[in-house]
Amino acid sequence: VAGIRTNECEMALAGGVNMLLTPDLSINFSKAHMLSPHGRCFTFDARANCYVRGEGCGMTLLKPLADAQDACDNIVACIRGSAINQDGRSSGITAPNGPSQQACIRLALQRGNVSPSEVGYLEAHGTGTPLGDPIEVDAMAAVFGREGNFHLGSVKTNIGHLEGAAGIAGLLKLSMVLAHGEIPENLRFK
C-alpha cells in the first residue's frame, strides 16, 4: 500500500498462502499446547483454548483509486490508511505486545485521516488464545474506547489460522463485509 501511495509502483499484488504439507509443525505446536484440543477456534470467548491451523490462499490487486475508477475496475474496497510495525518485546510467541498494537492502529488511522469514531467494524487477528485475545481487545479498547460503537470479528472462527495467509484472509473478509454490507457470524461466540 505504501508503495502505491508514494508512486513507487502503479499497482501491486498482495497475498499469501498456507498449506499444511507435513505434520511437523502441527506435532510441535501440539506438544507445546498451542493448538485447540477441540479443533475449533473460540475467538473472544471465555472458552478460548488455543488456535486451529488452517489452509488457504488469497490474492488482491491494489492500485490507486483514481486509476481503478478510470479503468472501470470492479472496486470492492478502499484502503484509506495502513501501518506496519514490529511487535517488540513480549513475554513469548503467543503473547502480543498491546502498546505496540495500539501504536500501529493509531498510525493507520492517522495515515488514513480516519477518526476512531468513524470505524464500524474491526477485523481482528483474534487467534482464539486465552492470552493473546484479551491483549488484542485491550489494545483496541485503548484506541477506540470501551464504549466504541463498532463490531468486532475474526475470520479464524470460520477458516482457522492461515498463518502466512492470515493477513490476506482478514483483508478479504473485511472487503466482503464492505461489499455486501453484512458481517459473518463470529462462530461459537457466547
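Report on the accompanying structure.

Looking at the overall build of the protein
Move 1: When helices and strands are tallied, the protein shows seven helices and four strands.
Move 2: N-terminal to C-terminal, the α/β element order of the protein is α-β-α-β-α-α-β-α-β-α-α.
Move 3: A compact globule built from 190 residues should have a C-alpha radius of gyration of about 16 Å, and the protein, at 17 Å, falls within 12% of that.
Move 4: Along the first, second and third principal axes, the C-alpha atoms of the protein reach 50 × 40 × 35 Å.
Move 5: Relative to its 190 residues, the protein shows a buried fraction of 35%.
Move 6: Restricting to contacts in the protein with at least 6 residues of sequence separation, those with at least 24 account for 75%.

Observations concerning the pattern of salt bridges
Move 1: In this structure the tally under the stated criterion is four salt bridges.
Move 2: Across the salt bridge formed by Asp45 and Arg47, the nearest N and O atoms sit 2.9 Å from each other.
Move 3: A residue is classified by how much of its surface remains accessible, and Arg47, at 34% relative accessible area, is partly exposed.

Examining unusual backbone geometry
Move 1: Phi at His33 takes a positive value of approximately 60°, unusual for a residue other than glycine.
Move 2: In this structure His33 comes out as exposed when scored by relative accessible area, which is 65%.
Move 3: The phi dihedral of Cys72 is positive, around 55°, even though this residue is not glycine.
Move 4: Along the polypeptide, Cys72 turns up in the loop between α3 (65-70) and α4 (98-111).
Move 5: We classify Cys72 as exposed; its relative accessible area is 68%.

Notes on the nonpolar core
Move 1: Phe44, Leu109, Val114, Val119, Leu122, Ala124, Met140, Val143 and Phe144 form the largest nonpolar core, which has nine residues in total.
Move 2: Those residues in contact with Val119, other than ones at most four positions away along the chain, are Leu109, Val114, Phe144, Asn149 and Phe150.
Move 3: With five residues, the next largest nonpolar core counts Val155, Ala165, Ile168 and Ala169 among its residues.

A word on the packing of α4 against helix α5 (residues 132-144)
When two helices pack together, their arrangement is given by the angle between their axes and by how far apart the axes lie.
Move 1: As a packed pair, α4 and α5 sit with axes 9 Å apart at the nearest point and diverge in direction by 45°. Relative to α5, the element α4 lies oblique. The two elements α4 and α5 cross, and the hand of that crossing is right-handed. Residue-level inspection shows Gly98, Gln101, Gln102, Ile105, Arg106 and Leu109 of α4 in contact with α5, the latter providing Ile135, Glu136, Ala139, Met140, Ala142, Val143 and Phe144.
Move 2: Grouping the constituent residues of the contact of α4 with α5 by class yields eight nonpolar, three polar and two charged.

Conventions adopted
Residues numbered from 1 in each chain as written. Predicted model: local features only at pLDDT ≥ 70, side-chain atom pairs only at ≥ 80, totals over all residues. Heavy atoms only, no water. Helix = DSSP H or I, 4+ residues; strand = E, 2+ residues; numbered from the N terminus. Rg over C-alpha atoms; globule rule 2.2 N^0.38 Å. Buried < 20%, exposed > 50% of the residue type's maximum accessible area, 1.4 Å probe, protein only. Contact = heavy atoms within 4.5 Å. Salt bridge = Lys/Arg side-chain N within 4 Å of Asp/Glu carboxyl O. Core = buried A, V, L, I, M, F, W, Y, C linked by side-chain atoms within 4.5 Å. Axes fitted to C-alpha atoms, helices over the stretch in contact; angles between N-to-C directions. Parallel < 35°, antiparallel > 145°, perpendicular 65-115°, else oblique. Left-handed = near helix turned anticlockwise from the far one by under 90°. Nonpolar A, V, L, I, M, F, W, Y, C, P; charged D, E, K, R; others polar.

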